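Coordinate analysis (summary)
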Amino acid sequence: MVKNIFVIILPILGIQFQICDGSILSKTAPRGTNCVEFRTLLEKSFVEAASLFFADNPDPNRPQFTPSMVKPLEAQNLYKEYYGEGASPHAFKRVIVDILQADPGCEDIERDKVILRSEIYKYAKEQNFGIARKKFGLLLYRDMSDFGDVNWIDYRCILSKDVDLAEGIIASEISRLRRGIGDWAFGKFFALGVGTTLAFAIDDTGSMSEEIDAARRRSHLLIDERAGSVDQPTNFVLVPFNDPKVGPVTSTGDPNRLKEAFRSVYAHGGGDLPELSMKGISLALDKVLAGSTIYVITDAEARDAELQDQIIATANRKMVKLVFLLTNKMSTWLCAGFSSTRRLAACRDPSLKLGFELYQHLANSTGGEVLVVRRKDIFKSTGLLDVALQHGIVNLERRTITNGDSGFELFVDSGLRELYVEATGACDTVKLRSNGAQIQFERSIKVAELFIGSINVTKYGKYRLNVKTTGICRVKVTGKSTKSFVQSLAKEIGNVTTTQCLKVIHHQPVSTEKVVVLVDMYGLNTDDVVRTVSFVDVKTGESVYSFRVPDGKKRHFRVKLESFADRKLLAYVSGIDAGGFQFRRLAQQSIQFVNVEIDCSALDKLVLRPGSPAQVAITIRNVGKEAVYYTVNAVDGEKFITSVSQSRILVTGGGDAKFFLRLRTPRDAKPGSVSKVTVTVKDQNGVLVYKECLLAVSAKQAPAMESFKITSNINTRFAETIVQSKFVNDGWVSKESVFSIVIPPNAFITDFTMTVDGDTFSGEIKQLGEAKTFYEIGKREGLSFGHLSSQDEGSKIFQTSLNLRGDEDVVFQIKYQQPLVRSVGRYHHEINVQPGQAVKSFDIEINIWESLPLSDLKVLNFRTEQSSLSKGIHLKGTKISESGNSAKITFSPTMEQQTLLSPNGLNGKFAIQYDLVRPGDKISEMVAFDQNFLHFFVPKYEPMNKRVVFLLDNSGSMFGRKLMHMKNGMNKILDELNSEDSFAILMFNSKVQSWDPHPGEDSRSIMVKATAANIAAAKRFLNSVSAQAGTDLLKGLEAAINVIDGYVEDEDINSHFSTDYVFVLTDGGRSQQEEIGTDTVISTITSFNSNKFGIHITGYGAMANSKVLSSIAHKNQGTFIQIHEDIDANVQINNFFKTIAYPVLREVQIRYPSGRLIPTTALNFQQYQKGTEIVVAGEFADTPICVIKTDATGEDDEVDVTFSAKTDGEDLYLEESLFPTCDENEDELQDLIERQENYLKLVETLKELENETDPTKLDELKEKVTNISRENSFVVNDYTALVVSKPGNLKEVDDTIASEIEEETQRLQEASTTPVPTTIPITTRSVPEGSVVTPAFGRIPFSTIIPFTASRPSLLFFGDPHFVIDIEEQITLCFNWEGQDGQTISLLHDQEKGITVNGKLVTSKAPGKSVRSSRTYVNKIGINIHELNMTIVITSKEAVFRTAEGVRKSLVFGKYGTTRYKGVVLKVNPVTKFRSTLFVHIKRKVVFRVISRINSKSKFVRDHLDFAVLRGDGLTENAVGVLGQFSRFKTKAKVPASIDFRSDGKTAVLWYRHNPIEVSYHTLRDYNLDRDVECWYMADKGQLWENDGEKFVVKGILDPPEMQKIDHR
């Protein structure tokens, strides 16, 4: 009698076999517990997510699929509906089990969810899906632990009241995963494909021509014959090998690529018989999917036999079979003829197999075959692929029969579609019988000692297989079925006196471990009953242990095994199917206990830096009683292992020993990248033990963050946020500090600095092309730069890093600005907090200064991704100090408080909200400072009645929680409608279905008043809606517009898009409009609507096409928002509707009749929604109102404002007199109002860009955006960029550019005597826009040359000084200015405006090869503003301004600074120690830019200034001076100018002011913009001015010129 080796898992329950109701690793919940098993929720959620994935990625060759077809939500039903009958979900089910088995049990769960998510996304994108799945499982268990009750802790069971929330959390994590890694990786992550793998490792030496041709022909046949079926190969691998070459490796999902690869494989070479077959197999193993078969075709032995153990280990781990097709039974001579000192590695280890014996060993160890066939039969032998490559193969029986005629019973159940019998060895006859009658095999193949026969199953019940053999015959019976099970192994940890847990193991079980077999069934029908779980001996096929299942309706079991060092076991499950037929399924992998334990835990603790060497120990434990010599080795996929310390090791019985791996990673190894290590240990008897371990590249060592501070100053509803972080490297080894911050979507970065050991270095805002040049040069020179990048949901991430030496510290500081938006009656301000670690000194400080008293100020709950709950976390310790118009909020948590909120430092959103107390009789408020004002308009009227058509997507991709959230959100929206509002509901998929509030009354409109009865009826309709079919948004929108158009016409309503609109909710899945193109859809809808009605769209989920949907909304007076599948999605839907649900006014106009105020932003507003705010910015026409300083009640202080608007049934007209709030505290307001004004102008321009289509207008708007961005230091995506460098990098790039500028200067000087050839067509009178000219700087990799029509100043000079003048839009003049040292010239003088600009010259020696003896630069600029009695003197070191009243202020270059006086503003933006930019604003109408450049490299370049007129609206056309004479800002007057080309095509005549000027066409480098400018170069400026321009010489730096006007006629 066989001893009962199964003991109870939980002795207190008194059972030997346990049905696993809860988690696969947990105890069973007691009967009557009101909870749902986590595994049930998990599988349901995964199947639902997979259904949506299939709906979003339809297969055009399959029938249309909608998730609602999957009933119930089980893996088998999903595959049946999407792929068809016979599709097996085995791989998908394996993934579900793997994720479920990530249960940490007794171990601590990684608490930081943010880190877990980032690791999941990283590993999945790198296709390390196994690691990613484990991490994802840990994340889900971490999410569920938030429930924290005893049912979860003990039983992994969710209380019924929490099930909906738990499902929402799981769905939210899946949604995050999908959008985080993309659809391709998502499909691979969940193994959502079907089909088989076709893999070859094939010898391509000269003797293999027939074999290669046979493999090619067979693979082509398989691909073509199985196209469109579930048996179609979907993964292809081809590895040719010989000696010394292996590859190239082809790994693809495209069958045509395999065909192309086979065409490039041909027989060649030869002579050196042994080939690198093991290397070829190894490379194929890396690429094939788990459960595949690799076909190895060769006629030679392996030269690299030393790889055999690693191949067996990898193949068994991936459950890959190796089948060898050999054209001879080769003998081995590999080790013959070599001396002992020159023997190959394979010859030095007697335990290794060689020659034919090696191939037999590999086949036997992996469950494969070795077939020796004649060359003429090679194509026939490849026919075994027809049978072997089948999808959904399950194991039914395995037997070994020796000498004689024997047989055994087979149980063929109704779940089997085909039956396969495979017999290898000395098998004389194989016969299949049913009820005594022989059944003929319908398909069979006999190759060498292999026989395969198959039948289509039409009859169920008991069969018998008879085999006659004269030796040993191995028989395997398989079938095609969707019914089977997934087997896993775990071991018990703990004991009965402590907490007992299971830990899943992925290695061979050790004989001393308490091993538990985990069984997960799939594909069973509801009425199928599982009867027994049994184990057979692999060697004999005999069933030796069997246990009856207590409850056959359960689908998850576990059975405890004890040590069986002498047996190799195979589990099988049997039962009765719904038709009463017995079924039986065998596991895919056997269980064999070993006496060796491999411990590679040291790899987990290893810090492996890129480019650094390392050594790590692998521990071998011998759990047997006798000492054993082991052969050891380790290899890894990325070749990080350079050597192993020893190949043989002696381990005493019960003892352990270590060997060491020597490692080195490449310098460019990516931190976090993983290499899979296979460790093999083999004893004297050839028993191979293996284990897969992971070797991860560590991130560069990070220094400690000493402090983290966020200061946000809110002044008059405009916020400037400063984020400051200090890192200290207290060690002696260099460490990398990384500064990263998430910027809100409506904010613009304005400044960045990093201070290293007291020295401050600044970022610089550059045009996009300019920034690209810096990046490219920096990359070329090996330098590092920070960058600004986009993030999900419209946010932006700024990130930079710095390598800190020992005992060095750095302070990063970034500033960004944004207005506070008023919504639903509150101002909201949100700050992203992500220090990345707990910080000793952590402070958040928000200061509020408002023009009116504060009300309802509160700090909202901290929204963090560490919490699975949408309501956020209440922050303890927040302090609010409030007094009238101002308040201060502080939060300074200790390190302990930080880790309680978020284990690795706070990670979330700190948010506040407040409103203002407005005087009862006032609807607006004005705030003024200096020359500028802000006008805030908050009218107090009741909302108008609205008419809304709700157009709701119920296509198949809205299945499940999406549809539920939509219904819940709509129920809330309907409840909040006003009773006088009117509404209609249309559902759309590939068709449109409307809610009919008047059944049977066809003539009545479907739009009705929002009465209680109608709302109740509408809810009932919504609750009945299901998800099905495709998506046709065009058809839905046309129907919705027709409904609302008909209603307003019938009711004679004066409609407006603010009160009459369509509210769309769609997930934007694959739609029918793709057939006609998205552009056509957008234009068709826009034309059909004709701007009558608003279209507001909510894009739901990762697949929503935000670009198309937002374009539809914006072109139709609507708004767009994208939400994700979070647990509060219904709340997000409702909150979005609130922003458009309360239209108060429409066609609002604001006017300032007195003429004292000049608005610079929009005055007309299409609508005003309740709870929002309208803002107008502008300037005072004359003396600023806050400078008059009359009595507060004086008339001069009063500003008249008129408002006009429309509301329901009436026109409104109001007049109001305002007393602007004036704040004289310059330190507080600074340039706040001015910046808010420019912010508003920038946002308005960006909105215009979205809707503009005219190319000329688009260029003008883009130029306007760029100018506002650069003038105000706003970083605007797609227009400007913030270039941030490690200290010294910007200087290096500057030096590189300076060097190339010097070359350009030399080229231009030489060009004065040698014209540069041109490619401009002679037939044209002007340079064609967009002409491309060869760039002057061959060393700078510019991809395109930007034509001169792109955004840049139209009057400027730079360097030695090169003047660049835009005479007309298509004509740019350039010339050099040579002068005497110490001479001062008039640059610009406008007598009418009272502005004078002069420049003082300085000379330097020119290079020896130059055609001139000296160079000229401008080293001092004087600006005299006569009207204000103010002067500004600028040198390369500083800018100093003085006034007649004795005011003197200085701005030093190299430091940030701003100063202002009576409408004149000076701002300094330092770039490096050697370069700063000064902006001079004169009453907002004139803006000059001066760039200070201090020479740090060339002896031929002097410190100098570059000058440009950025804005000249305040100048007249009568200005004079070298630059001023070309002024045409005021009237846009154009002096006649044209080009006449000469016949040689090299020179031309520029006619300007009726004067002919000899010019040549040039490409000039404007290094301030870092781009090329095409211009007409005037070598002799005397052509334009007599005496070489002596009339421009003035006496002093501030003196006006003697001439007053130039004739412009």
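Since we're looking at a predicted model, the values are computed, not measured. (Residues numbered from 1 in each chain as written. Predicted model: local features only at pLDDT ≥ 70, side-chain atom pairs only at ≥ 80, totals over all residues. Heavy atoms only, no water.)

1. A short note on the overall build of the protein
Scanning the protein from terminus to terminus reveals 28 helices and 85 strands. Counting over 1609 residues, the protein shows a buried share of 57%. At a minimum sequence separation of 6, the contacts of the protein that also span at least 24 residues come to 72%. Entry remark: accessible area of the protein is about 65400 Å², with carbon and sulfur atoms responsible for 47%. (Helix = DSSP H or I, 4+ residues; strand = E, 2+ residues; numbered from the N terminus. Buried < 20%, exposed > 50% of the residue type's maximum accessible area, 1.4 Å probe, protein only. Contact = heavy atoms within 4.5 Å. Areas by Shrake-Rupley, 256 points an atom, 1.4 Å probe, with all protein chains shown as cover.)

2. Thoughts on unusual backbone geometry
A cis geometry characterises the amide bond from Asp 243 onward to Pro 244, with omega recorded as 25°. Position of Pro 244 among the secondary structure elements: in the loop between strand S5 (233–241) and strand S6 (250–252). Geometrically, the link from Gly 247 to Pro 248 is a cis peptide bond, its omega value of 5° lying close to zero. For Pro 248, the position within the fold is in the loop between S5 and S6. The residue Ala 191 is not glycine, and still its phi comes out positive at about 50°.

3. Considering the sheet that holds strand S75 (residues 1448–1452)
Spatially, S75-S74-S73-S72-S71-S70-S85 is the arrangement adopted by the seven strands of the open sheet, whose pairing is antiparallel. Both edges of this open sheet fall to S75 and strand S85 (1593–1594), since each of them pairs with a single strand only. As judged from the two bridges shared by strand S70 (residues 1384–1390) and S85, these two strands associate in the antiparallel manner. Its bridge partner being in S85, Ile 1385 is matched across the sheet by Val 1593. (Pairing = 2+ DSSP bridges.)

4. What to know about the nonpolar core
One finds Phe 92, Phe 136, Phe 190, Phe 950 and Phe 983 to be the most contacted residues of the largest nonpolar core, which totals 93 residues. Among all residues touching Phe 190, those that are not within four sequence positions of it are Phe 46, Phe 92, Val 95, Ile 99, Phe 136 and Leu 177. (Core = buried A, V, L, I, M, F, W, Y, C linked by side-chain atoms within 4.5 Å.)

5. Comments concerning the sheet that holds strand S8 (residues 321–326)
If you trace the six strands from one edge of the open sheet to the other, you get S6-S5-S4-S7-S8-S9, paired in mixed fashion. Edge strands, defined here as strands with exactly one partner in the open sheet, are S6 and strand S9 (369–372). Shown here is a sheet whose adjacent strand axes are inclined to one another by a mean of 15°, direction ignored. Bridge analysis of S8 against S9 gives four bridges, and the strand direction is parallel. When the bridges of S9 are listed, Leu 325 appears paired with Leu 371. (Axes fitted to C-alpha atoms, helices over the stretch in contact; angles between N-to-C directions.)

6. Observations regarding the environment of Asp 843
Summarising the element assignment, Asp 843 is placed in strand S44 (residues 841–849). What Asp 843 contacts, discounting residues up to four positions off in sequence, is Phe 708, Lys 709, Ile 710, Phe 891 and Ser 892.

7. Comments concerning the state of the cysteines
Evaluated as defined, the whole model comprises four disulfides. Here Cys 427 engages in a disulfide with Cys 473; their sulfurs sit 1.9 Å apart. Since a negative S-S torsion denotes a left-handed disulfide, the Cys 427-Cys 473 link at about 105° is right-handed. You can see Cys 427 sitting in strand S11 (residues 416–434) and its partner Cys 473 sitting in strand S15 (residues 461–481), a full 46 residues away along the chain. For Cys 427, a relative accessible area of 12% translates into the label buried. Across a sulfur-sulfur distance of 2.2 Å, Cys 1374 and Cys 1575 are joined as a disulfide pair. With the S-S dihedral at roughly 70°, the linkage between Cys 1374 and Cys 1575 falls on the right-handed side. Of the two residues, Cys 1374 is situated in strand S69 (residues 1371–1376) and Cys 1575 in strand S84 (residues 1571–1578); the sequence distance between them amounts to 201 residues. Grouping residues by exposure puts Cys 1374 and Cys 1575 together as buried. (Disulfide = S-S within 2.5 Å.)

8. Section: the side chain of Lys 962
Looking at the secondary structure, you find Lys 962 in helix H18 (residues 961–975). Looking at Lys 962, its side chain comes within polar contact range of the main-chain oxygen of Ser 957, at 3.4 Å. Those residues in contact with Lys 962 that lie beyond four places of it in its chain are Ser 957, Asp 1067, Tyr 1100 and Glu 1125. (Polar contact = N/O pair within 3.5 Å; in protein donor to acceptor, adjacent residues only side chain to side chain.)

9. Some words on the packing of helix H1 (residues 38–56) against helix H3 (residues 90–100)
Where H1 meets H3, the axes come as close as 11 Å, and the angle between the chain directions of the two elements is 135°. With respect to H3, the axis of H1 lies oblique. With respect to the hand of their crossing, H1 and H3 are arranged in right-handed fashion. Note on element contacts: H3 touches H1 through Phe 92, Lys 93, Ile 96, Ile 99 and Leu 100, opposite Phe 38, Arg 39, Leu 42, Glu 43, Phe 46, Val 47 and Ala 50. Considered class by class, the residues forming the contact of H1 with H3 number nine nonpolar, no polar and three charged. (Parallel < 35°, antiparallel > 145°, perpendicular 65-115°, else oblique. Left-handed = near helix turned anticlockwise from the far one by under 90°. Nonpolar A, V, L, I, M, F, W, Y, C, P; charged D, E, K, R; others polar.)

10. Here we look at the pattern of salt bridges
Pairs can form between side chains of opposite charge once their charged atoms are near each other. By the definition in use, this model includes 58 salt bridges. For Asp 98, the salt bridge goes to Arg 94, with nearest N and O atoms at 3.1 Å. Here Asp 98 pairs with Arg 94, and both are found in helix H3, just four residues apart, close to one helical turn. The partly exposed category is assigned to Asp 98, whose relative accessible area is 23%. Ionic pairing is found between Arg 584 and Glu 397, a salt bridge with its closest N-O pair at 3.1 Å. Here Arg 584 is found in strand S23 (residues 582–586), whereas its partner Glu 397 is found in strand S10 (residues 393–412), with 187 residues between them in sequence. Per residue, the accessibility class of Arg 584 equals that of Glu 397, and both read buried. Taken together, the shared-partner salt bridges in this structure form one network comprising Arg 717, Arg 822, Glu 850, Asp 915, Arg 918, Glu 925 and Glu 1173. (Salt bridge = Lys/Arg side-chain N within 4 Å of Asp/Glu carboxyl O.)

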